[in-house]
Structure formats: structure tokens, C-alpha cells
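Architecture and fold: a report
Residues per chain, in single letters:
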Amino acid sequence: MTLEAPRAGGETEEMDPAKGERMRKAVVTGGGGFIGKALVQALVARGIEVAVVGRSRYPDLDALGVRCLQGDIRDQGFLDQAFAGCDTVFHAAAKAGVWGPRHEYFSINLEGTVNVIAACRKNSVPRLVYTSTPSVVFAQHDLEGADESTPYATNPLCHYAASKILAEQEILGANGMGVQTVAIRPHLVWGPGDQHLIPRLLARGRERALKIVGTGTNLVDITYIDNVVHAHLLAADNLTATGSAAGHAFFIGQEERVVLWSRINELFVPKCGGETTRRYGLFAEASVRDFRGFNEELAYRKEPELPLILIVIDELADLMQVASKEVEESIARLTAMARAAGIH
């Protein structure tokens, strides 16, 4: 199944939203985050009235004419009011990461999602696009050639993944019961606007704190932020038009895999003063796989340094793949972002 309609010559075009009720007023939960903010900007560029549900006010979004609604997605009454009058909800709010108590992940990611569904139904919102994650199928072993038929993991890596599995099931199970739903699973998103992964990589590279986990020859796949936003918009357009995507989840990626560490060394590490050659061995790989139990048993209040490095590098196993025509533009934008943040 595809979110795009093929044209002659292999090109694609967006579904025509004019075939159904055109999207006019959207709410984005988590609109101050990396994906959420990029999505808000794209919706505004389309001329759509946008409101953001988040924990803070965002002056840059205020300047775009976006309404910033401060509140918690665990507050049902707040969501019921926030969704009033809108025709599309993009649910991107989540507690991400791999470190923290179970109850926080489940209260935000699962209970919050259940509240979002209920608020859509209460306000007769016809379309709900959910930002999910490929982590819902990661069962702590390599995945190659996986597609949407891959079952949910029965032994997810961490509380984040476990909570997102149940949340996605709620989203897809709600389809056709007063709202059409679709789940988008972007694979480790990167690009301008990222305030976490890329800055952390650059900082650790300059500190010579990066180490390769395992052999460093693993093939990986990620998603550039512009493509993630495009996928969300296509999903909403599809629900507006044919609805063929309703009730389904979709992996989003660049469809080309690269060797992680050769690409990092080629594009980023030279800016940090040299290549990364130091390695963690099998013990470190086991530490990454066993992280969920490690987190639960030790119950740290603060994320410890060693597992942090291991998990960050494991996440970076998905870092540097992007369509070749986008590479130079992407790197230029990231470099400008780093300079603006004082990381250069």
C-alpha cells in the first residue's frame, strides 16, 4: 500500500484533497518538538489554520500566526476544548528516549493517546494522523527487509517502545469508529531543527567520546525531516480523499542503506578533528540489548554516562542515510544550525 498515487515515468503526486472535505483547520500535539514544529510550518505554508498543543508557548510559532495551547495530553478536558472545531489532528506528542520510569512513558504515550482519540470522537474530528515509531517491531535482533506485515515486538527494548506499541494499537483499532486513523513510522529522523541527536554527535565527536559499537559495518536506514513531514501530509490527504491508508501503519525511510561509521567519519567526524576508530566490543552490545532490564533494576534518577554513550551510538546506527540529491543541502543546513547553536 502506498500513500502516493503513481504517475507515468515513475513520478508521484499527492492525493487531491478536493475529492473530499479539504483540510482547513488542524491541531498538532507536540507541535514544539522536532517533527511537530516542522509539520506545523508545512501546514502554515499550505494556508491551513493551525493550533499547537504543547507544554510551553513557542514564540517562533506565535510569529507564524499559530495558536499555542498550553496543556497536558493526559488532561481529557483540555484536549476536548483544544480539538473543538478542527478537522484534522496530527498526534506527535510523546515521551521519547530510552531512560526513565515506566509510568511516565505509559501515562504520556498510551493514556495520552487514548485521550486524543476520545477528544477526536467528542469533537467529530474526521482525521487522525499518528506519529509512531519502527521501535514497535524491534524485538532486539537485526531487521532486514522488514515491512508492515512484521508483527509487533513481544520483547521491546525499552518502555518507550512498549508504550508506543499499545498506543499504535489503540490508534489503528479506533479507525472507522467516528474517526479515520493512520500511523506513520519514521525511522530515526534527522535534519535541521534537531536539537538532540546531531548536536550530541558533534559535541561528543569534539570530546573524542564517540566509540563504535561492535564491528561498525552495520547497514542502516533513516529518514530526513522533510520526508517525514511529507509523509504526514500525504497521510492526511489520503484520509481526505480515498481513505485507502485508513487503519494502517507505514514505515517511512529513504529506502537506501549505508554503512554507519564510514559515513559519520566522512561527513561529520573530520569537522571534529579526526576519525572515530575506538570500539566497544561484545559486552557493550549486550549492554545495549539488556538496557530495559538495566534501567528497571537500577532505577537511576539520572541517566548514567556509560549507558548513555552506548545507547546514543546504537541509535546512531541509523544516522547518515539520505537521498544523494539531498546530501549537500542537508549538510549545509545542519552546519548552519550547528553554528547558530555555537557548536562549530
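Being a predicted model, the structure only gives us computed values, none of them experimental. (Residues numbered from 1 in each chain as written. Predicted model: local features only at pLDDT ≥ 70, side-chain atom pairs only at ≥ 80, totals over all residues. Heavy atoms only, no water.)

With that settled, the discussion passes to the overall build of the protein. Counting its secondary structure elements, the protein contains 12 helices and 15 strands. Here the analysis covers contacts within the protein between residues at least 6 apart in sequence; of these, 77% occur between residues at least 24 apart. For the protein, the accessible area works out to roughly 16,000 Å², and carbon and sulfur atoms hold 50% of it. (Helix = DSSP H or I, 4+ residues; strand = E, 2+ residues; numbered from the N terminus. Contact = heavy atoms within 4.5 Å. Areas by Shrake-Rupley, 256 points an atom, 1.4 Å probe, with all protein chains shown as cover.)

Side chains of strand 6 (residues 88-91) alternate between two faces, with Thr88 and Phe90 and Val89 and His91 buried alike. Pairing geometry for strand 3 (residues 25-29) and strand 6, over 4 bridges, is parallel. Paired with Thr29 across the two strands is His91, which belongs to strand 6. Here strand 6 pairs with strand 7 (residues 127-131) via 4 bridges, running parallel. The partner of Val89 across the bridge, within strand 7, is Leu128. For the segment spanning strand 6, helix 4 (residues 102-122) and strand 7, crossover handedness is right-handed. (Buried < 20%, exposed > 50% of the residue type's maximum accessible area, 1.4 Å probe, protein only. Pairing = 2+ DSSP bridges. Right-handed = clockwise from strand over helix to strand, strands pointing away.)

Moving on, we come to helix 5 (residues 159-173). Taking 1.5 Å per residue, 15 residues should reach 21 Å; helix 5 reaches 21 Å between its end C-alpha atoms and fits that length. The buried fraction of helix 5 amounts to 11 of the 15 residues, a majority that puts the element mostly inside the structure. Along helix 5, the positions that sit buried rather than exposed are His159, Tyr160, Ala161, Ala162, Ser163, Lys164, Ile165, Ala167, Glu168, Ile171 and Leu172. (Expected span 1.5 Å × (residues − 1).)

On to unusual backbone geometry, then. One non-glycine residue with positive phi stands out, namely Ser124, at about 55°. If you trace the backbone, Ser124 turns up in the loop between helix 4 and strand 7. Given the relative accessible area of 57%, Ser124 is considered exposed.

Our next topic: the confidence of the model for the protein. Scored by pLDDT, the protein has a mean of 77; 68% of the residues are at 70 or more. Predicted confidence is poor over residues 4-19, with pLDDT under 50, and the contacts of this stretch with residues over four places away or in other chains come to 26 contacts. The model gives residues 304-328 a pLDDT under 50, and that stretch makes 74 contacts with residues more than four places away or in other chains. (pLDDT = per-residue confidence, 0-100.)

Looking now at the sheet that holds strand 8 (residues 180-186). By way of backbone hydrogen bonds, the strands of a sheet pair with one another, either parallel or antiparallel. Taken in spatial order, the 7 strands of this open sheet run 5-4-3-6-7-8-13, and their pairing is parallel. This sheet does not close on itself; its edge strands, each paired only once, are strand 5 (67-70) and strand 13 (249-252). Looking at each pair of strands side by side, their axes are set apart by 20° on average, direction ignored. Against the sheet, helix 5 touches strand 7, strand 8 and strand 13, its axis set at about 150° to strand 8. (Axes fitted to C-alpha atoms, helices over the stretch in contact; angles between N-to-C directions.)

The next thing to look at is the packing of aromatic side chains. One pass over the structure, following the stated rule, counts 1 aromatic pair. A centroid spacing of 5.6 Å and a plane angle of 65° characterise the contact between Trp190 and Tyr224, whose relative ring orientation is edge-to-face. On the criterion of sequence distance, the pair formed by Trp190 in strand 9 (residues 189-190) and Tyr224 in strand 12 (residues 223-224) is long-range, its members being 34 residues apart. Between Arg185 and the ring centre of Phe251, over which it is positioned, the NZ or CZ distance is 4.8 Å. (Phe/Tyr/Trp six-rings, centres within 6.5 Å; stacked < 30°, edge-to-face > 60°. Lys NZ or Arg CZ within 6 Å of the ring centre and 35° of its normal.)

What follows is about the pattern of salt bridges. Pairing between side chains of opposite charge can happen when the charged atoms of each approach one another. Applying the stated rule across the entire model yields 7 salt bridges. Across the pair Lys37 and Asp60 runs a salt bridge whose closest N-O atoms are separated by 2.9 Å. With a gap of 23 residues between them, Lys37 in helix 1 (residues 34-45) and Asp60 in helix 2 (residues 59-62) connect regions that are remote in the sequence. A residue is classified by how much of its surface remains accessible, and Asp60, at 38% relative accessible area, is partly exposed. Of the charged contacts in the structure, one is a salt bridge between Asp87 and Arg127, with a shortest N-O distance of 3.1 Å. (Salt bridge = Lys/Arg side-chain N within 4 Å of Asp/Glu carboxyl O.)

For any two helices packed against each other, the geometry comes down to the angle between their axes and how far apart the axes lie. The interhelical angle for the contact between helix 4 and helix 5, taken along N-to-C directions, is 15°, at an axis separation of 9 Å. Taken together, helix 4 and helix 5 sit at an angle that is classed as roughly parallel. Seen from above, helix 4 lies across helix 5 with right-handed handedness. Side by side, helix 4 and helix 5 meet where Arg102, Tyr105, Phe106, Asn109, Leu110, Thr113, Val114 and Ile117 of the first sit next to His159, Tyr160, Ala162, Ser163, Lys164, Leu166, Ala167, Glu170 and Ile171 of the second. Class assignment of the residues belonging to the contact of helix 4 with helix 5 gives a composition of 10 nonpolar, 4 polar and 3 charged. (Parallel < 35°, antiparallel > 145°, perpendicular 65-115°, else oblique. Left-handed = near helix turned anticlockwise from the far one by under 90°. Nonpolar A, V, L, I, M, F, W, Y, C, P; charged D, E, K, R; others polar.)

Moving on to the packing of helix 1 against helix 7 (residues 225-240). At a minimum axis distance of 9 Å, the contact between helix 1 and helix 7 shows a crossing angle of 65°. Here helix 1 runs over helix 7; the crossing is right-handed. Residues Phe34, Ile35, Ala38, Leu39, Ala42 and Leu43 of helix 1 pack against Ile225, Val228, Val229, His232 and Leu233 of helix 7. Looking at side-chain class alone, the contact of helix 1 with helix 7 contains 10 nonpolar, 1 polar and no charged residues.

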